[in-house]
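# Examining the three-dimensional arrangement
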Amino acid sequence: MDNVMKIEFSALAENEAFARAVAASFVMPLDPTVEELTEIKTAVSEAVSNCIIHGYKDWGNRQNARVFMECSMLKGGKVVIKVRDEGSGIEDIKKAMEPLFTTGSEEERSGMGFTVMESFMDKLVVESEKGKGTTVIMTKYLDIISVE
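This text gives an overview of the structure that appears in the document. Computed from a predicted structure; not experimentally measured.

With that settled, consider the pairing of strand β4 (residues 123-129). Sheet topology places β4 next to strand β5 (residues 133-141); seven bridges connect them, and they run antiparallel. Across the sheet, residue Leu124 finds its bridge partner in β5, namely Met138. Counting the residues between successive antiparallel strands, the hairpin from β4 to β5 contains three residues, one of them, Gly131, with a positive phi of roughly 80 degrees.

Have a look at this one:
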């Protein structure tokens, strides 16, 4: 049986650590290695940060800005994590996923968020619609013997 968890939280920087902890706690029954856990936490941080920093950058009032996260544990140690915002969206996903590309100032942002997510997860899919938001879907296959 698949196990699914969904949460919604305010798009505030302090909630990035919360999202990391929730994702890590959710996958713990699969007994991930320390390295796998670190990779998941880092990828979640990058995805949530992108929502907060870029997804809602044009919102003057962030009071209603939300980040949505869904984690699924599937058969065979497959973990799927979706992080979504309802912000400005990405005009050119291919360009946004290029290493070093950033819409922020170079002093503040490295432009490596999607690259980090891709390197730590087995699969990364980005869906976005201008003015409607962005969804990042990350898949990780954990090295497990069996899933009950």
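The topology assignment puts Ile90 in the loop between β3 (78-85) and α3 (93-96). Considering only alpha carbons, one finds Ile90 and Glu129, 39 residues apart in sequence, at a separation of 6.5 Å. Discounting chain neighbours no more than four positions away, the residues touching Ile90 are Ala96, Phe114, Val126, Ser128 and Thr134.

Moving on to the packing of helix α1 (residues 15-27) against helix α2 (residues 34-55). Running from N to C, α1 and α2 cross one another at 145 degrees; their axes reach a closest spacing of 9 Å. The chirality of how α1 crosses α2 is right-handed. Packed against α1, whose contacting residues are Glu16, Ala19, Arg20, Ala23, Ala24 and Val27, the element α2 presents Leu37, Ile40, Lys41, Thr42, Val44, Ser45, Val48 and Ser49 at the interface. Along the lines of polarity and charge, the residues of the contact of α1 with α2 split into eight nonpolar, three polar and three charged.

Moving on, we come to the sheet that holds β5. Spatial strand order, β1-β2-β3-β5-β4: five strands in an open sheet with antiparallel pairing. Whereas interior strands pair on both sides, the edge strands pair on one side only; in this sheet they are β1 (3-10) and β4. Between one strand and the next, the sheet's axes are offset by a mean angle of 10 degrees, whatever the strand orientation.

Counting residues in each nonpolar core, the largest one holds 36 residues, and the members touching the most others are Val44, Met69, Ile81, Val83 and Met138. Tallying contributions element by element places α2 first for this core, with eight residues. Beyond its immediate chain neighbours, meaning those up to four positions away, Ile81 contacts Ile40, Val44, Met69, Glu70, Cys71, Met121, Val136, Ile137 and Met138.

Conventions adopted
- Residues numbered from 1 in each chain as written.
- Predicted model: local features only at pLDDT ≥ 70, side-chain atom pairs only at ≥ 80, totals over all residues.
- Heavy atoms only, no water.
- Pairing = 2+ DSSP bridges.
- Helix = DSSP H or I, 4+ residues; strand = E, 2+ residues; numbered from the N terminus.
- Contact = heavy atoms within 4.5 Å.
- Axes fitted to C-alpha atoms, helices over the stretch in contact; angles between N-to-C directions.
- Left-handed = near helix turned anticlockwise from the far one by under 90°.
- Nonpolar A, V, L, I, M, F, W, Y, C, P; charged D, E, K, R; others polar.
- Core = buried A, V, L, I, M, F, W, Y, C linked by side-chain atoms within 4.5 Å.
- Buried < 20%, exposed > 50% of the residue type's maximum accessible area, 1.4 Å probe, protein only.

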